[in-house]
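# Chain and residue survey
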Amino acid sequence: MIQGNIATANSSYIHIQIYDQQNIFEDAQFGHPYRPTRSSFLFVKKGRLKVREQINEFEIVENSIFLIDVKYVYEILEITEDAELRLLSYDKNFLETASFKLHRLKIYRDLKTQLQRNFHISKPEIDIFWANVESLAYYLQHFDEIEYAKFIIEDYFNIILYHIVSIAVPLNDDPSKQMTSQQKITYRFVMLVSDHYLETKSVQYYADQLQLSIRHLSTVVKDTSGKTPNEIISEFIFNEAKAQLSTTTLPIKQIATKLNFSDQYAFTHFFKKHQDSSPTEYRSLFKQ
């Protein structure tokens, strides 16, 4: 089994990267909230880990696939010592620049809007994924030595993508059909927040987008999630704040502006309300 350097791709072809359980923490350090720069597929062959994705927590057990999206903030909360992982990440423009057929892009968009994020599969199936990811890693590492490596890499990625879609998005199976009308409203609200929370904190904005009154939206969201719309919006902003403080060196004033606060004082007040410590104190926990 390739260990440690599995992610090393030749600089001539950097659209895809593969990490194992040793180097996955170079970008996603344990206990550090972070926003990934690339969408990824996490394959768990052995062991177990717990991951927070914005307002949700997932326990990912052996023989599972977990979908990682760039619009969310993640934090690894727990991981067992026996974990065997592969993380396949890819550049956001990869599917548009690679030699894929157009209908495959639709399949990918279907996958990105999938409600479920965590998929438990059989051991033989995870073994197939594992073998394909290992083969993909080989061609990434030997890119300059193999004449048609670019096309081989695209085809291996294509195989993996199709296989994941066949699991995550079964034909004619629309998960939203299983929701009540109230659950659909809450889901659409959370999706809107995930796209726009850096732009606005206004519940009125989201109510207008959903063509609902604030009162009706607030009642539905509270009844279905146990949280108010303001609480959900604040969780998204707070998780983003922690990611910025723990993984960047941006001045706190700049982070406050980026998160759409009127000034650093307002941001500090917000952060202390949720963390019981100041942004500066929180950042100090992650200094080497």
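Cut-off values and rules
Residues numbered from 1 in each chain as written. Predicted model: local features only at pLDDT ≥ 70, side-chain atom pairs only at ≥ 80, totals over all residues. Heavy atoms only, no water. Helix = DSSP H or I, 4+ residues; strand = E, 2+ residues; numbered from the N terminus. Buried < 20%, exposed > 50% of the residue type's maximum accessible area, 1.4 Å probe, protein only. Areas by Shrake-Rupley, 256 points an atom, 1.4 Å probe, with all protein chains shown as cover. 1 Å grid on protein atoms, 1.4 Å probe; cavity = no way out; pocket = protein on both sides within 12 Å on 5 of 7 lines; lining within 4 Å. Points joined across faces, edges and corners; volume = space filled by probe spheres on them. Core = buried A, V, L, I, M, F, W, Y, C linked by side-chain atoms within 4.5 Å. Contact = heavy atoms within 4.5 Å. Expected span 1.5 Å × (residues − 1). Arc of directions from axis to C-beta. Pairing = 2+ DSSP bridges. Axes fitted to C-alpha atoms, helices over the stretch in contact; angles between N-to-C directions. Phe/Tyr/Trp six-rings, centres within 6.5 Å; stacked < 30°, edge-to-face > 60°. Lys NZ or Arg CZ within 6 Å of the ring centre and 35° of its normal. Salt bridge = Lys/Arg side-chain N within 4 Å of Asp/Glu carboxyl O.

A few words on the overall build of the chain. Each helix and strand in the chain was counted, giving 11 helices and 8 strands. Within the chain, the fraction of its 288 residues that count as buried is 46%. Total accessible area computed for the chain in this model is approximately 14900 Å², and 51% of it derives from carbon and sulfur atoms.

What follows covers empty space enclosed by the protein. Taken as a whole and judged by the stated rule, the model has 3 cavities of 30 Å³ or more. Within this model, the largest cavity holds a volume of roughly 100 Å³. Forming the boundary of the largest cavity are 11 residues, of which Tyr34, Leu42, Val51, Ile68 and Ile76 lie nearest the centre. When residues of the lining of the largest cavity are traced back to their parent elements, those giving at least two are strand S3 (48-53), strand S5 (64-68) and strand S6 (74-79).

In terms of nonpolar packing, the biggest core is built from 49 residues, with Leu42, Phe189, Leu217 and Phe267 touching the most fellow members. Aside from chain neighbours lying at most four places away, what touches leucine 217 is Ile185, Phe189, Val203, Tyr206, Ala207, Leu210, Leu212 and Pro229. Grouped together as the second largest cluster of nonpolar side chains are 27 residues, Phe41, Leu88, Phe129 and Leu136 included.

Attention now goes to helix H7 (residues 214-225). End to end, H7 covers 16 Å across 12 residues, agreeing with the expected 16 Å (1.5 Å per residue, within 8%). Among the residues of H7, Leu217, Val220 and Val221 are the ones counted as buried. Here the buried residues of H7 occupy an arc of 95 degrees about the axis, which is enough to place them on one side. Along H7, the residues that are exposed and aim more than 90 degrees away from the buried face are Arg215 and Asp223. In the core, the buried residues of H7 are packed alongside helix H5 (181-196), helix H6 (203-209) and helix H8 (229-247). Positive phi shows up at glycine 226, right after H7, with a value of about 80 degrees.

Moving on, we get to the pairing of strand S4 (residues 56-61). In the case of a regular strand, side chains alternate between the two sheet surfaces. As paired strands, S3 and S4 are joined by 6 bridges and run antiparallel to one another. What sits directly across from lysine 50, in S4, is glutamate 59.

Let's shift gears to the sheet that holds S5. Spatial strand order, S1-S7-S2-S5-S8: 5 strands in an open sheet with antiparallel pairing. Lying at the two open borders of the sheet, with one neighbouring strand each, are strand S1 (16-20) and strand S8 (118-120). Each strand of the sheet is rotated relative to its neighbour by a mean of 15 degrees, with strand direction disregarded. In the packing of helix H3 (residues 123-141) onto the sheet, the strands contacted are S1, strand S2 (39-46), S5 and strand S7 (84-90), and the crossing angle to S2 comes to about 125 degrees. Each of S1, S2, S5, S7 and S8 is contacted by helix H4 (residues 149-168), which is oriented at about 75 degrees to S2, the strand it contacts most.

A few words now on H4. Between its first and last C-alpha, H4 extends 28 Å over 20 residues, near the 28 Å set by a 1.5 Å rise per residue. Within the span of H4, buried status applies to Ala149, Ile153, Glu154, Phe157, Asn158, Ile160, Leu161, His163, Ile164, Val165 and Ala168.

For the structure on display, the rule yields 17 aromatic pairs. Geometrically, the ring pair formed by phenylalanine 261 and phenylalanine 270 is tilted, given 5.1 Å between the ring centres and 50 degrees between the ring planes. Here the aromatic cluster, defined as three or more aromatic residues joined through ring pairs, consists of Phe238, Phe261, Phe267, Phe270, Phe271 and Tyr282. Above the ring of phenylalanine 261, the side-chain terminus of lysine 201 is found at 4.2 Å from the ring centroid.

So, about the sheet that holds S6. Here we have 3 strands laid out as an open sheet, ordered S4-S3-S6, and antiparallel in their pairing. Each edge of the sheet is formed by a strand with only one pairing partner; in this case those strands are S4 and S6. Averaged over all pairs of adjacent strands, the angle between their axes in this sheet comes to 20 degrees, without regard to strand direction.

Further remarks concern the pattern of salt bridges. All chains considered together, the criterion is met by 13 salt bridges. Here glutamate 78 and arginine 48 are joined by a salt bridge, their closest N and O atoms 3.5 Å apart. On the criterion of sequence distance, the pair formed by glutamate 78 in strand S6 and arginine 48 in strand S3 is long-range, its members being 30 residues apart. Where lysine 71 meets aspartate 195, a salt bridge forms, and the shortest distance between an N and an O atom there is 3.6 Å.

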